[in-house]
Amino acid sequence: MEIRDEFESDWIHSVFEVLREEVVSIAADFGDRVKGEIDQVAAAQGVRPPSAAALLTAVAIESGNITAGLLRRDDAAPGADDDDNNSETSPKGHVDAARDGDGDDD
Amino acid sequence: MTSVEADVGFEEDAVLVRLAAGRGLKGQLAFEKLVDRHQVWLVRLLMHLLGSQSDAEDVAQEAFIRAFLAIEDCGDGGRFRGWLRVIARRLAFNHRRDARTRAQYEERSGVLAPRSVAPISGRVEGRDLLKQVLGELAYPYREIMVLRFVEELPIKEIAGVLEIGESAAKMRLSRARAEFQRTYEKKGGSRGDTGRV
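Calculation criteria
Residues numbered from 1 in each chain as written. Chains lettered and ligands numbered in written order. Predicted model: local features only at pLDDT ≥ 70, side-chain atom pairs only at ≥ 80, totals over all residues. Helix = DSSP H or I, 4+ residues; strand = E, 2+ residues; numbered from the N terminus. Buried ≥ 20, exposed ≤ 12 C-beta atoms within 10 Å, placed from the backbone. Contact = placed C-beta atoms within 7 Å. Axes fitted to C-alpha atoms, helices over the stretch in contact; angles between N-to-C directions. Parallel < 35°, antiparallel > 145°, perpendicular 65-115°, else oblique. Left-handed = near helix turned anticlockwise from the far one by under 90°. Nonpolar A, V, L, I, M, F, W, Y, C, P; charged D, E, K, R; others polar. Arc of directions from axis to C-beta. pLDDT = per-residue confidence, 0-100. Core = buried A, V, L, I, M, F, W, Y, C linked by C-beta atoms within 7 Å. Expected span 1.5 Å × (residues − 1).

(A) Spatial organisation of the overall build of chain A. Looking only at helices and strands, chain A features six helices and zero strands. Secondary structure of chain A in N-to-C order comes out as α-α-α-α-α-α. Here chain A holds 106 residues, and 6% of them are scored as buried.

Here you go:
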């Protein structure tokens, strides 16, 4: 029996047009969920070094910290007194010293 | 964007598959690009096969993970979509079988009352009618109708996805068409319809 490969003149093909053109909305976080699962599987299966993603994340965070540290250092110049986070819990200057030197070695 | 992400930014499937098969972080990022590129059509295909978005997303996620783990088997990366379709089709088949087995068990053990079909009030038209008819077809028929008329695959490729011979695929499609037509017309659809309301 012959099945035409041409869709033209095939009424069923016309009927299905509405499904072909249907816009499917998938969950907004679907892609992220899949990538998260893949990340876990990759680490568990050893198909990539388990620390690789963490390394990238750490680099990004560290870059942010360095930038924030530089900005903070400008703010903490002599005379500046708006160091909200640390002024109540530690003597001024102590945190900056730790960040610049000792903090990296912990 | 990291330099690794930039490397896999705008490549063809074949290149991404090759990168993914190389593994490592670069391979993982390449595969994630494939996820971005193929997630919508895959979920749509599975929705038509399974009739539920949440089931479709669950199976699509599983299909991507299986594909990631077996990416070396993809061969010609340019055919990634077809290869992923075969994986997804197998998983959808199993998912549906497992769900049916579970439902039968629950019905038998009295966990759930047997499902009753709610009477349909009023005339169903267009897309809803089409989905209803598809949902009532035997699963192998629904499957081949979706592959043929939604995915618009040629017979040879359908045979490949279903893992049957071409003549068997032609036979199944012919029977599926006849069953579809019978059900569609019985429910008030006609050949002049385009599925639009």
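Here the narrative resumes.
(B) Region of the structure containing the overall build of chain B. Scanning chain B from terminus to terminus reveals nine helices and zero strands. Along its sequence from the N terminus, chain B presents helices and strands in the succession α-α-α-α-α-α-α-α-α. The buried share of chain B, taken over its 197 residues, is 35%. In chain B, 59% of the contacts between residues at least 6 apart in sequence involve partners at least 24 apart.

(C) Spotlight on the packing of helix α3 (residues 24-50) of chain B against helix α5 (residues 80-108) of chain B. All names here are of chain B. Remark: α3 packs on α5, axes separated minimally by 10 Å, with the N-to-C direction vectors making an angle of 40 degrees. Accordingly, the angle class assigned to the pair α3 and α5 is oblique. Seen from above, α3 lies across α5 with right-handed handedness. When α3 is examined against α5, the residues Leu-34, His-38, Leu-42, Leu-45, Leu-46, Leu-49 and Leu-50 are found in contact with a partner set consisting of Phe-80, Arg-81, Leu-84, Ala-88, Ala-92, His-95 and Arg-96. Classifying every residue of the contact of α3 with α5 by side-chain character gives 10 nonpolar, two polar and two charged.

(D) Region of the structure containing the interface of chain B and chain A. The partner chain A presents 32 residues to the 40 residues of chain B that form the contact. Residue assignment for the side of chain B that touches chain A shows that the elements contributing at least two residues are α3, α4 (53-69), α6 (126-136), α7 (139-150) and α9 (166-186) of chain B. Take the side of chain B that touches chain A: its biggest share by element is 14 residues, from α3(B). Of the residues that constitute the side of chain B that touches chain A, the class distribution is 17 nonpolar, 11 polar and 12 charged.

(E) Main features of α6(B). B:Leu129, B:Leu130, B:Val133 and B:Leu134 are the residues of α6(B) that are buried. Looking down the long axis of α6(B), one finds its buried residues gathered within 135 degrees of arc, a one-sided arrangement. Residues of α6(B) that are buried make contact with α1 (11-15) and α2 (17-20) of chain A together with α3, α7 and α9 of chain B.

(F) Looking closely at the confidence of the model for chain A. Mean pLDDT over chain A: 66, with 44% of residues reaching 70 or higher. Of all helices and strands in chain A, the one with the weakest mean pLDDT is helix α6 (residues 94-100) of chain A (41), whereas helix α3 (residues 30-45) of chain A scores best (92).

(G) Seen up close, the environment of B:Ser167. Residues and elements named next belong to chain B. Within the secondary structure layout, Ser-167 lies in helix α9. A count of 11 C-beta atoms within 10 Å places Ser-167 in the exposed class. In the structure, Ser-167 is positioned 24 residues away from Arg-191 in sequence and 26 Å away in space, judged by C-alpha atoms.

(H) Molecular detail of unusual backbone geometry. Residue and element names in this part refer to chain B. In this model, Glu-152 sits at a positive phi of 55 degrees, which is unusual for a non-glycine residue. Along the chain, Glu-152 turns up in the loop between α7 and α8 (155-162). Classification of Glu-152 by C-beta neighbours within 10 Å gives exposed; the count is 12. Even without being glycine, Glu-163 reaches a positive phi, approximately 60 degrees. Among the structural elements, Glu-163 can be located in the loop between α8 and α9.

(I) Seen up close, the nonpolar core. Residue and element names in this part refer to chain B. Ranked by internal contacts, the top residues of the largest apolar core, which has 56 residues, are Leu-46, Ala-60, Ala-63 and Ala-88. Looking at this core element by element, the count peaks at 12 residues for α3. Those residues in contact with Leu-46, other than ones at most four positions away along the chain, are Ala-56, Val-59, Ala-60, Ala-88 and Ala-92.

(J) Focus on the confidence of the model for chain B. Residue and element names in this part refer to chain B. Averaged over all residues, the pLDDT of chain B equals 86, while 84% of them reach at least 70. Residue range residues 1-6 is modelled with pLDDT below 50. Its contacts to residues more than four positions away, or to other chains, number six contacts. Every residue in residues 116-121 is under pLDDT 50, and counting partners more than four places away or in other chains gives zero contacts. For this predicted complex, the interface confidence reaches an ipTM of 0.79, while the overall pTM sits at 0.70.

(K) Local environment of α4(B). In a regular helix each residue adds 1.5 Å, so 17 residues correspond to 24 Å; α4(B) covers 24 Å between its end C-alpha atoms and thus fits that length. Residues of α4(B) that are buried sit in contact with α3 of chain A together with α3 and α5 of chain B.

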